[in-house]
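Chain residues, written in single-letter form:
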Amino acid sequence: MDKILLDDWHVVANSLDIVNGDKLATQLLGQDILIWRSKGEVHAWLDQCPHRGSKLSLGNVKGDDIVVCAYHGWQFNSKGRCIKMPAHPGKPISERARTTQFEVKEKYGLVWVCLGEPIDDIPEFYGVDNNYHLVITGPYEVYTSAPRAVENFLDLSHFPFIHAGYLGEEPYTEMDDYDVEVIDNEIHVTNATAYQPRANINSDEGVKVTYSYRVIRPLTVMLTKEPGTQGEKPSDLILMVNQPVQETRTIVWFVLAMNYGHDEPDKSFCDFQDTIFYQDKAVLESQRPQCLPLDPSAEQHQPADKSSNVYRRWLKEIGLSYGTS
């Protein structure tokens, strides 16, 4: 398994979806994961009973803090220790009869899991303060690799074609030059501009929008939209996080932060983001190879691809293999 991703944090759930006594079965980097909550605390376990390997998610949560295996009824407390074997009541239980547990945290309304040894904290959502209204959108399941999804997010030149009437439109297809550099092991894209007929749900006229991106981790990107005058706070901050379910199956999450529309229902923002993502989905799932090619000669390029080409070189330099070819 790719150690770079193994030791990173990945989103696996919306915190609001994991209530006390409830559970969620998901996957991360090909591993079956059980997410559940007891007494307010969220837990992330390998979704596998240590007895005979059946999925713990097939069982139930008893009394809010005991996970019961559906196969032989073994019961595990919130620390992962087996406390009851119904076939042998009253007999001592080995200390080795316990589940595999993973590091788990909650931040920005999301549940984050690290399958290995975290070398950093959860990525920082730069610039967000109390003036911003946070809305979580997703999960969006897409059959492609997570690096392909990231590259698409960095690409502005497809806006007039895939997102016509929203993030772009013809004849405004020409891309101005922009800046890309690697700073402190992050990719920074600045001065990227695009004409947008409807940049967000409150827009009713076209405007040229300035974008900046920060690729914070291999599968985590932050976008800043700055349609206001210089010196104003950005109108929109967007955190994109990709859950690499398998090499060519990804779940995409967005945290939207807006300093406008505080009285708008969250559904309005979700509906807008749904529209944009599902326009991308069909194209993403059509791309071949599904894994992102890091060989520069594997695909043709245009000058507007500067950000994605730097991303590909950066992934190769840091040695990422999962989801690349």
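Keep in mind that what you see is a predicted model, and the values were worked out from it rather than measured.

**As for the overall build of the chain**
Thought 1: Within the chain, the secondary structure is distributed over five helices and 17 strands.
Thought 2: Relative to a compact globule of 325 residues, whose C-alpha radius of gyration would be 20 Å, the chain shows 22 Å and is just as compact.
Thought 3: Overall, the C-alpha framework of the chain stretches about 75 × 50 × 35 Å when taken along its three principal axes.
Thought 4: Looking at the chain as a whole, 51% of its 325 residues are labelled buried.
Thought 5: Sequence separation of at least 24 residues holds for 58% of the intrachain contacts in the chain that already meet a minimum separation of 6.
Thought 6: Working note: accessible area of the chain is about 15,300 Å², and carbon and sulfur atoms make up 47% of it.
Thought 7: Distance between charge centres in the chain, computed from 30 positive and 47 negative side chains, equals 12 Å.

**Notes on the side chain of Thr 99**
Thought 1: Tracing the backbone shows Thr 99 in the loop between β8 (82-84) and β9 (103-107).
Thought 2: Looking at Thr 99, the relative accessible area reads 5%, which means it is buried.

**A look at the sheet that holds strand β7 (residues 75-76)**
Thought 1: In space, the four strands of this open sheet follow the order β5-β6-β7-β8, with antiparallel pairing throughout. Pairing within the sheet leaves two strands with one partner each, and these edge strands are β5 (60-62) and β8.
Thought 2: Bridge analysis of strand β6 (residues 66-68) against β7 gives two bridges, and the strand direction is antiparallel. By the bridge assignment, Val 67 is partnered in β7 with Phe 76.

**Regarding the packing of helix α2 (residues 146-154) against helix α5 (residues 306-318)**
Thought 1: The geometry of α2 relative to α5 is characterised by a closest axis approach of 9 Å and an angle of 150 degrees between their N-to-C directions. In terms of orientation, α2 and α5 fall into the roughly antiparallel class. Where α2 crosses over α5, the handedness of that crossing is right-handed. Seen from α2, the contacting residues are Pro 147, Arg 148, Val 150, Glu 151 and Leu 154; seen from α5, they are Ser 307, Ser 308, Tyr 311, Arg 312 and Leu 315.

**So, α2**
Thought 1: Taken across its nine residues, α2 has nine buried, putting it largely inside the fold.
Thought 2: Buried residues in α2 make contact with β14 (207-217), β15 (220-225), β16 (236-246), β17 (249-258), α4 (266-286) and α5.

**Observations concerning unusual backbone geometry**
Thought 1: Omega for the peptide link from Glu 170 to Pro 171 comes to 10 degrees, which places this bond in the cis form.
Thought 2: Cis geometry is found at the peptide bond from Arg 288 to Pro 289, where omega equals 0 degrees.
Thought 3: Take Pro 289: it is sitting in the loop between α4 and α5.
Thought 4: Of note in the backbone geometry, Lys 39 takes a positive phi value of approximately 50 degrees without being a glycine.
Thought 5: With respect to the element layout, Lys 39 can be found in the loop between β3 (31-38) and β4 (41-46).
Thought 6: With phi around 50 degrees, Asp 184 is a residue other than glycine that occupies positive phi space.

**Let's talk about the packing of aromatic side chains**
Thought 1: Overall, the coordinates contain 16 aromatic pairs when judged by the stated rule.
Thought 2: With centroids separated by 5.7 Å and ring planes inclined at 85 degrees, the aromatic side chains of Tyr 108 and Phe 125 adopt a geometry described as edge-to-face. Residue Tyr 108 is located in the loop between β9 and β10 (110-114), and its partner Phe 125 is located in the loop between β10 and β11 (133-142); the two are separated by 17 residues in the primary sequence.
Thought 3: Since its relative accessible area comes to 18%, Tyr 108 is described here as buried.

**A closer look at the sheet that holds β10**
Thought 1: One open sheet accounts for three strands, arranged β1-β10-β9; its pairing is antiparallel. Each having just a single partner strand, β1 (10-14) and β9 make up the two edges of the open sheet. Between one strand and the next, the sheet's axes are offset by a mean angle of 30 degrees, whatever the strand orientation.
Thought 2: Across five bridges, β9 lies against β10 in antiparallel orientation. Bridging from a neighbouring strand, Glu 106 pairs with Val 111 of β10.

**Regarding the environment of Asp 120**
Thought 1: Considering the arrangement of structural elements, one finds Asp 120 in the loop between β10 and β11.
Thought 2: A relative accessible area of 44% places Asp 120 in the partly exposed class.
Thought 3: For the pair formed by Asp 120 and Leu 219, sequence separation is 99 residues and the distance between their alpha carbons is 14 Å.
Thought 4: Residue contacts for Asp 120: discarding those within four places in its chain leaves Trp 9 and Arg 217.

**Considerations on the nonpolar core**
Thought 1: One finds Ile 35, Val 113, Tyr 211, Tyr 213, Phe 254 and Tyr 311 to be the most contacted residues of the largest nonpolar core, which totals 61 residues.
Thought 2: Residue contributions to this core peak at six residues, all from α4.

**What to know about the pairing of β10**
Thought 1: In terms of residue burial, β10 counts as a mostly covered element, since five of its five residues are buried.
Thought 2: In terms of strand pairing, β1 meets β10 through four bridges, oriented antiparallel. Along β10, the bridge assignment pairs Asn 14 with Leu 110.

Scoring rules and cut-offs
For every chain, the first residue of the written sequence is number 1, and numbering continues from 1 onward in sequence order. Only residues with pLDDT of at least 70 get local features here, since the model is predicted, and only at 80 or more are side-chain atom pairs given and counted; chain-wide, interface and lining totals rely on the full set of residues. Excluding hydrogens and water, the side-chain figures rest on all heavy atoms present in the structure. A run of H or I in DSSP becomes a helix once it reaches four residues, and a run of E becomes a strand once it reaches two; helices and strands are each numbered from the N terminus. Radius of gyration: C-alpha atoms only; globule rule: 2.2 Å multiplied by the number of residues to the exponent 0.38. The buried label applies to any residue whose accessible area, calculated with a 1.4 Å probe on protein chains only, is under 20% of its type's maximum; exposed applies above 50%, and partly exposed to all values in between. Should any heavy atoms of two residues lie within 4.5 Å, those residues are counted as being in contact. For accessible areas, the Shrake-Rupley method is used with a probe of radius 1.4 Å. Any residue's cover is judged against the shown protein chains and nothing else. Under the convention used here, Asp and Glu are negative, Lys and Arg are positive, and both His and the chain ends fall outside the count. Charge positions are represented by NZ for Lys, CZ for Arg, CG for Asp and CD for Glu. Paired strands, in this sense, are two strands between which DSSP finds at least two bridges. All axes here are fitted lines through C-alpha atoms, helices being fitted over the stretch that makes contact, and every angle between N-to-C directions spans 0 to 180 degrees. In these notes the angle categories are as follows: under 35 degrees is roughly parallel, over 145 is roughly antiparallel, 65 to 115 is roughly perpendicular, and the rest is oblique. In this scheme the handedness of a crossing depends on how the near helix is turned from the far one: anticlockwise by less than a right angle means left-handed, clockwise means right-handed. Only rings of Phe, Tyr and Trp enter the pairing, Trp through its six-membered ring, and a pair is recorded when the two centres are within 6.5 Å. The plane angle decides the type: under 30 degrees is stacked, over 60 is edge-to-face, the rest tilted. As used here, the term nonpolar core means buried Ala, Val, Leu, Ile, Met, Phe, Trp, Tyr and Cys residues forming a set that is joined through side-chain atoms within 4.5 Å.

By themselves, these are just geometric observations and shouldn't be taken as functional.
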